[in-house]
Amino acid sequence: SPIDRNWLADLISNVNDQKPMLIGLNILLDRTIERESDQKLREAIQTAGNVILRNDPFYPIYPTFAKAALDSGVLSFKLDSSDTVQEVCGDSVSCQSEDLFYTKLFDYYRFANANHDIKEVPKKPWIKINFSPSRLDSNSQRLMSFPVIKAHEVSQLPKDALKNKLVLIGTGFPDLYPLFRAPLAR
């Protein structure tokens, strides 16, 4: 930390070339690093026009990036004794903000799809993380999975593979920095 801004700018541009509906960036951008690389990242976020940034009450988004983004929301974690993320904040009190990252994603996604049938996530102080890479669809009884694509694989995807999708970009390096071991980091 902080993540290489040139690399992140290139990743956002590569993802955006796939025409996703939204990009959720679960990486704190709370400080400046180098003028040129910060400018490149700001331009990538602004050009995409669909990036929602993760904010934090103690480490707010650096204003340059906040202005370039579509929106932002707070995401806070509860860890277990092994420093594995177990729960995320689910209301304005536990997140210490009215703007929640996951509700921003759902709200924009619902609006962009003009799909008001998507159920709202229930408000709870803390929401348990599902560590399974799949879930059972209650309507069709099919096993649904959420693909995890490594950053270097984005450029190898077929054209428009992410079209109209919600793409979450974040870290998943359990051996590199164990404080934030994340689900689906395989």
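On a predicted model such as this, the values are computed, not experimentally measured, just so you know.

### Considering the overall build of the protein chain
Logical step 1: Of the regular secondary structure elements, the protein chain holds five helices and nine strands.
Logical step 2: For the protein chain, the N- to C-terminal ordering of α and β elements is α-β-α-β-α-β-β-β-α-α-β-β-β-β.
Logical step 3: In the protein chain, the share of contacts with a sequence separation of at least 24, taken over all contacts with a separation of at least 6, comes to 66%.
Logical step 4: Accessible surface for the protein chain amounts to roughly 11,600 Å². Of this, 52% is attributable to carbon and sulfur atoms.

### Remarks on the pattern of salt bridges
Logical step 1: Using the criterion set out here, one finds seven salt bridges in the structure.
Logical step 2: Between Asp38 and Arg5 there is a salt bridge; the shortest N-O distance is 2.8 Å. Within this pair, whereas Asp38 is found in helix H2 (residues 35-48), its partner Arg5 is found in helix H1 (residues 5-17), the two being separated by 33 residues in sequence. Across the pair, exposure class does not vary: Asp38 and Arg5 are buried alike.
Logical step 3: Where Asp30 meets Arg31, a salt bridge forms, and the shortest distance between an N and an O atom there is 3.5 Å.
Logical step 4: Here the salt bridges share partners, and the residues they tie into one network are Asp71, Asp99 and Lys104.

### As for the state of the cysteines
Logical step 1: One pass over the structure, following the stated rule, counts one disulfide.
Logical step 2: Linked covalently through their sulfurs, Cys89 and Cys95 form a disulfide whose S-S length is 1.8 Å. Handedness here is read from the sign of the S-S torsion; for Cys89 and Cys95, about 90°, the answer is right-handed. The pair Cys89 / Cys95 is uniform in exposure class, with both members buried.

### Regarding the sheet that holds strand S9 (residues 166-170)
Logical step 1: In space, the four strands of this open sheet follow the order S3-S2-S1-S9, with parallel pairing throughout. Either end of the sheet is taken by a strand with one partner, and the two such strands are strand S3 (71-74) and S9. With direction set aside, neighbouring strand axes in the sheet form an average angle of 25°.
Logical step 2: Pairing analysis gives four bridges linking strand S2 (residues 51-55) to S3, with the strands arranged parallel. By the bridge assignment for S3, Leu53 is matched with Ser72.

### Looking at the pairing of S3
Logical step 1: With burial as the criterion, each face of S3 is covered, one bearing Asp71 and Gly73 and the other bearing Ser72 and Val74.
Logical step 2: Each parallel crossover has a hand, and for S2 linked through helix H3 (residues 63-68) to S3 it is right-handed.

### What to know about the sheet that holds strand S4 (residues 77-79)
Logical step 1: Sheet architecture is open: three strands sit in the order S4-S5-S6, paired in antiparallel fashion. Each of the sheet's edge strands pairs with one partner strand only, and the pair in question is S4 and strand S6 (126-128). Averaged over all pairs of adjacent strands, the angle between strand axes in this sheet comes to 35°, irrespective of strand direction.
Logical step 2: Pairing of S4 with strand S5 (residues 85-89), which is carried by three bridges, proceeds in the antiparallel orientation.

### Focus: the confidence of the model for the protein chain
Logical step 1: On average, residues of the protein chain score 83 in pLDDT, and 81% of them are at 70 or above.
Logical step 2: Across the protein chain, the element-wise mean pLDDT spans from 61 in strand S7 (residues 134-136) up to 97 in H2.
Logical step 3: Between residues 173-186, whose pLDDT stays under 50, and residues either more than four places distant or in other chains, the model counts 25 contacts.

### Here we look at H2
The periodicity of an α-helix, 3.6 residues per turn, causes residues three or four positions apart to be oriented the same way.
Logical step 1: Between the first and last C-alpha of H2 there are 20 Å, a value that for 14 residues agrees with the 20 Å anticipated at 1.5 Å per step.
Logical step 2: Among the residues of H2, Ser37, Asp38, Leu41, Arg42, Ala44, Ile45 and Ala48 are the ones counted as buried. Looking straight down H2, one finds that the buried residues subtend no more than 160° of arc, so they occupy a single side. Among the exposed residues of H2, those oriented more than 90 degrees off its buried face are Arg35, Glu36 and Thr47.
Logical step 3: Where H2 is buried, its residues touch H1, S2 and H3.
Logical step 4: After H2 finishes, the residue Gly49 shows a positive phi value of roughly 70°.

Rules behind the numbers
- Residues numbered from 1 in each chain as written.
- Predicted model: local features only at pLDDT ≥ 70, side-chain atom pairs only at ≥ 80, totals over all residues.
- Heavy atoms only, no water.
- Helix = DSSP H or I, 4+ residues; strand = E, 2+ residues; numbered from the N terminus.
- Contact = heavy atoms within 4.5 Å.
- Areas by Shrake-Rupley, 256 points an atom, 1.4 Å probe, with all protein chains shown as cover.
- Salt bridge = Lys/Arg side-chain N within 4 Å of Asp/Glu carboxyl O.
- Buried < 20%, exposed > 50% of the residue type's maximum accessible area, 1.4 Å probe, protein only.
- Disulfide = S-S within 2.5 Å.
- Pairing = 2+ DSSP bridges.
- Axes fitted to C-alpha atoms, helices over the stretch in contact; angles between N-to-C directions.
- Right-handed = clockwise from strand over helix to strand, strands pointing away.
- pLDDT = per-residue confidence, 0-100.
- Expected span 1.5 Å × (residues − 1).
- Arc of directions from axis to C-beta.

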